[in-house]
Amino acid sequence: MVTNLVKNAAEAMGEVRSKKLEIRSKKEGEFVKLSVSDTGKGIAEEDRKRIFDPFFTTKGKGTGLGLAICQRIVEAHHGEIEVASEVGKGTTFVVKLPGK
Ligand SMILES: Nc1ncnc2c1ncn2[C@@H]1O[C@H](COP(=O)(O)OP(=O)(O)OP(=O)(O)O)[C@@H](O)[C@H]1O
Ligand SMILES: [Mg+2]
């Protein structure tokens, strides 16, 4: 799951000048919160609701399965995955998982 998020982050920063990838984790009560942030091109508003759909891709050679699989892994662990993104600024995926 983390590999998929990091791969997406790296791909999103391919054409931007300032590249910064940040992976954070912290305990929040009963939960563990993991976030992967990038300073890439961001996700357009109209794409945001579709990125977790299987086979949705904006990449020439993408399968569009990375995030669909991430979401399934997170749900199998009774967690949640959320995205915040601004076009031209970057994207953060936050995964919240039960700690026990
Ligand atoms: N960090 C990100 N920054 C910008 N866009 C993203 C990011 N992560 C995902 N996306 C968008 O969500 C789409 C779906 O991502 P997903 O990982 O499911 O498939 P993919 O990356 O296109 O293909 P694959 O994972 O098979 O290489 C991407 O094509 C891209 O448009
Ligand atoms: Mg991907």
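Residues numbered from 1 in each chain as written. Chains lettered and ligands numbered in written order. Predicted model: local features only at pLDDT ≥ 70, side-chain atom pairs only at ≥ 80, totals over all residues. Heavy atoms only, no water.

Trainee: Honestly, the environment of Cys70 in this entry has me stumped. Any pointers?
Mentor: Mapped onto the secondary structure, Cys70 falls in helix α3 (residues 66-76). For Cys70, a relative accessible area of 0% translates into the label buried. C-alpha of Cys70 to C-alpha of Asn4: the two residues are 66 residues apart in sequence and 7.2 Å apart in space. Leave out the neighbours within four places in its chain, and Cys70 touches Met1, Asn4, Leu5 and Ile81. (Helix = DSSP H or I, 4+ residues; strand = E, 2+ residues; numbered from the N terminus. Buried < 20%, exposed > 50% of the residue type's maximum accessible area, 1.4 Å probe, protein only. Contact = heavy atoms within 4.5 Å.)

Trainee: Please explain the side chain of Asp47 as it appears in this structure.
Mentor: Counting through the fold element by element, Asp47 comes out in helix α2 (residues 45-48). An unpaired buried charge is present at Asp47: no salt bridge exists, and Arg50, the closest side chain of opposite charge, is 4.8 Å distant. Apart from the residues lying within four places of it in its own chain, the contact partners of Asp47 are Phe56 and Thr58. (Lys, Arg positive; Asp, Glu negative; His and termini not counted. Salt bridge = Lys/Arg side-chain N within 4 Å of Asp/Glu carboxyl O.)

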